[in-house]
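As a plain string of letters, each chain reads:
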Amino acid sequence: MTFGNNCTQATEFSLTGFTDNPVTQVTLFLMFLFTYLVTILGNLGMILLIRGSPQLHSPMYYFLGNLAFVDFSSSTVITPKMLVDFISEKKDITYAGCVAQVFIFDLLGITECFLLAVMAYDRYVAVCHPLVYPLVMSPKHCFQLVIGSYLVGLTNGMGQTIGMSSLSFCGSTIIDLFFCDISALISLSTSDTTLSHVILRTSASLFGASSILVVLVSYVAIISAILSISSAEGKRKAFSTCTSHLTTVSIFYGASLFMYLKPSSDSSREEDEWAVVLYTVVTPMLNPLIYSLRNKEVKEALRRLIKIK
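Residues numbered from 1 in each chain as written. Predicted model: local features only at pLDDT ≥ 70, side-chain atom pairs only at ≥ 80, totals over all residues. Heavy atoms only, no water.

In the nomenclature of an unreviewed UniProt entry, the protein chain corresponds to Olfactory receptor from the organism Accipiter nisus. In the Function (unreviewed entry) part of its UniProt record, the protein chain is described as follows: "Odorant receptor." (UniProt positions renumbered as here; feature names shortened; annotations may be inferred.)

As C-alpha cells, this is what we get:
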C-alpha cells in the first residue's frame, strides 16, 4: 500500500530476538522449549485435574481453571514463534500476524488481570463473609464473573487492534523485541500516534488500575480479618487459603508493572527483554506450579486421581 510522499506501508516486521550468537541461540532455544513444555503440561494438567476431581468443583478452582486456560493460550501466542526464530536466519512476521499477536495477547492479558481480581474477591468473600459465600459465589455468579473478564479482555484487544490499524509504518520495521507489542509498534509508526496512545493509556488506567484496586482492597480486608482471629491455628488456616493466589498476583502484577510503567532510561535493552520474558513466558509456567506445590487440596486430588487410575 502506497501513501503520499512515496511512502510504502510495511507488509512485514523484523523481530530482533535476543542475540545473533549461534551457541547462545541454541542454549536459549532449549531453555525456552523446556519452559514452554512445562507451561503446556502444567496448565493443561491443571485444567484436566480440576474437571476430573469432584472435590475441586468449587468457585476458586473454577476460576483457577480459566486462569490456566488463559496462561496456556497467552504462552502459545508468543513462545512457538520465538522458538522458530531461534533456529531461523530470517526473524520476520507478517503485518497480519503482528495484528493477530497484538489482539490475542492484549485480550488475554487484561482477561488475566480481571480473573486475578475475581479470585481475590472470591477469597475476600470466603474469609470475611463465609456465611453468605454459597449465595454470593453461586455457579451463575461465577459464570458471569468469568464471562465478564473475557469480555473486558475482548474490549481491550479490539481497542488496541483498532489503534494499530490507524498507524502507518513507512520507516524502520525492526521491532526491538521477540514479539509484536503494541507499545513497540507505536514507537515505530511514522503517522500520528495520538489515538493509539490514548487507547493504550486509557486501557492501562481503566482496566489495569481497576483490577489492581480490587486485589488491593480485597487483601487489605482479608489481612485485617485474619489478624482479628484470636487463635494462631485459625490465622494459619485462613491465610493458607490465600497464599497461592497472593503469590501468583505478586509475580504477575510485579512483572507487568515493571514492563509497562518503568522509565525506559532506567534499564538496558537486555534488562527490558528479560523483564518481558518474565511477564510473557515465565509467569504462565509458574502459575500451575504454584497452585500444585503450595495447595494441599490440589495435591490430594492428584493423589486420588492417580490411585483411581
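Once the structure has been displayed, the description carries forward.
On to the overall build of the protein chain. Looking only at helices and strands, the protein chain features 11 helices and five strands. The buried share among the 309 residues of the protein chain stands at 46%. When the accessible surface of the protein chain is totalled, it reaches about 15,400 Å², and 69% of it is carbon and sulfur. (Helix = DSSP H or I, 4+ residues; strand = E, 2+ residues; numbered from the N terminus. Buried < 20%, exposed > 50% of the residue type's maximum accessible area, 1.4 Å probe, protein only. Areas by Shrake-Rupley, 256 points an atom, 1.4 Å probe, with all protein chains shown as cover.)

Here the focus is the sheet that holds strand 4 (residues 92-94). Pairing is mixed across the open sheet formed by three strands, whose spatial order is 4-3-5. Single-partner strands in this sheet number two, and they are strand 4 and strand 5 (174-175). Both strand 3 (residues 12-15) and strand 4 contribute to a ladder of three bridges, which runs antiparallel. Across the sheet, the residue bridging to F13 is I93, located in strand 4. (Pairing = 2+ DSSP bridges.)

Quick look at the pattern of salt bridges now. Scanning the model with the defined rule gives three salt bridges in all. When the shortest N-O distance is used, the salt bridge between D85 and K81 registers 3.1 Å. Placement of the pair is D85 and K81 together in helix 2 (residues 59-86), with a separation of four residues, close to one helical turn. Residue class for K81 comes out partly exposed when judged on its relative accessible area of 21%. (Salt bridge = Lys/Arg side-chain N within 4 Å of Asp/Glu carboxyl O.)

Bringing the UniProt feature "transmembrane region" (unreviewed entry) in the protein chain into the picture now. Here the UniProt-annotated "transmembrane region" (unreviewed entry) positions come out as residues 28-49, 61-79, 99-121, 167-186, 206-227, 239-261 and 273-293. Across residues 99-121 one finds 100% helix and 0% strand; the C-alpha atoms that close the span lie 33 Å apart.

Another aspect to go through is the pairing of strand 3. With burial as the criterion, only one face of strand 3 is covered, namely that bearing F13 and L15; the residues E12 and S14 on the opposite face remain uncovered. Across two bridges, strand 3 lies against strand 5 in parallel orientation. Looking across to strand 5, one finds that S14 is bridged to I174.

The next thing to look at is the confidence of the model for the protein chain. Interpretation of this model should avoid reading the predicted coordinates in detail wherever pLDDT is low. Taken residue by residue, the protein chain gives an average pLDDT of 84. The fraction at 70 or more is 90%. Per-element confidence in the protein chain ranges from a low mean pLDDT of 46 for strand 1 (residues 2-3) to a high of 94 for helix 4 (residues 133-136). (pLDDT = per-residue confidence, 0-100.)

Another aspect to go through is the packing of helix 2 against helix 3 (residues 95-128). Here helix 2 crosses helix 3 at 160°, and the two axes come no closer than 10 Å. Judged by the angle between their axes, helix 2 and helix 3 are roughly antiparallel. Judged by the twist between their axes, the crossing of helix 2 over helix 3 is left-handed. The residue makeup of the contact of helix 2 with helix 3, split by class, is 15 nonpolar, five polar and five charged. (Axes fitted to C-alpha atoms, helices over the stretch in contact; angles between N-to-C directions. Parallel < 35°, antiparallel > 145°, perpendicular 65-115°, else oblique. Left-handed = near helix turned anticlockwise from the far one by under 90°. Nonpolar A, V, L, I, M, F, W, Y, C, P; charged D, E, K, R; others polar.)

On to the state of the cysteines, then. By the definition in use, this model includes one disulfide. Two residues, C98 and C180, share a disulfide whose sulfurs are 1.9 Å apart. In this structure the cystine formed by C98 and C180 twists about its S-S bond by roughly -115°; its chirality is therefore left-handed. Placement of C98 in helix 3 and of C180 in the loop between strand 5 and helix 6 (182-188) is noted, with a sequence separation of 82 residues between them. Residue C98 shares its accessibility class with C180, and that shared class is buried. (Disulfide = S-S within 2.5 Å.)

On the surface, Y62, F143, I147, L151, L154, M158, I162 and L195 cluster together to form a nonpolar patch covering roughly 710 Å² of accessible area. Considering each element in turn, the nonpolar patch owes the most residues, six residues, to helix 5 (residues 139-165). By secondary structure assignment, the location of F143 is in helix 5. (Patch = residues over 30% accessible without salt bridge, like charges linked within 9 Å, V, L, I, M, F, W, Y side chains within 5 Å.)

Turning to the packing of aromatic side chains, a few remarks are in order. Think of a pair of aromatic rings as described by two things: how far the centres are apart, and how the planes are tilted against each other in angle. Taken as a whole, this structure holds 11 aromatic pairs when the rule is applied. Ring pairing ties together the aromatic residues F105, F178, F179, F252 and Y279, which thus form one cluster. (Phe/Tyr/Trp six-rings, centres within 6.5 Å; stacked < 30°, edge-to-face > 60°.)

Another aspect to go through is helix 7 (residues 194-227). Given 3.6 residues per turn, any residue in an α-helix points the same way as the ones three and four places further on. Relative to the 50 Å expected for 34 residues at 1.5 Å per residue, helix 7 spans 48 Å between its end C-alpha atoms, a close match to the ideal helical length. Among the residues of helix 7, S196, I199, S203, F207, G208, S211, V215, S218, Y219, I222, A225 and I226 are the ones counted as buried. (Expected span 1.5 Å × (residues − 1).)

Attention now goes to the environment of T39. Here T39 is to be found in helix 1 (residues 22-52). Classification of T39 by relative accessible area gives buried; the value is 0%. Separated by 248 residues in the primary sequence, T39 and N287 place their C-alpha atoms 8.8 Å from one another. Leave out the neighbours within four places in its chain, and T39 touches D71, S75, V281, P284 and M285. (Contact = heavy atoms within 4.5 Å.)

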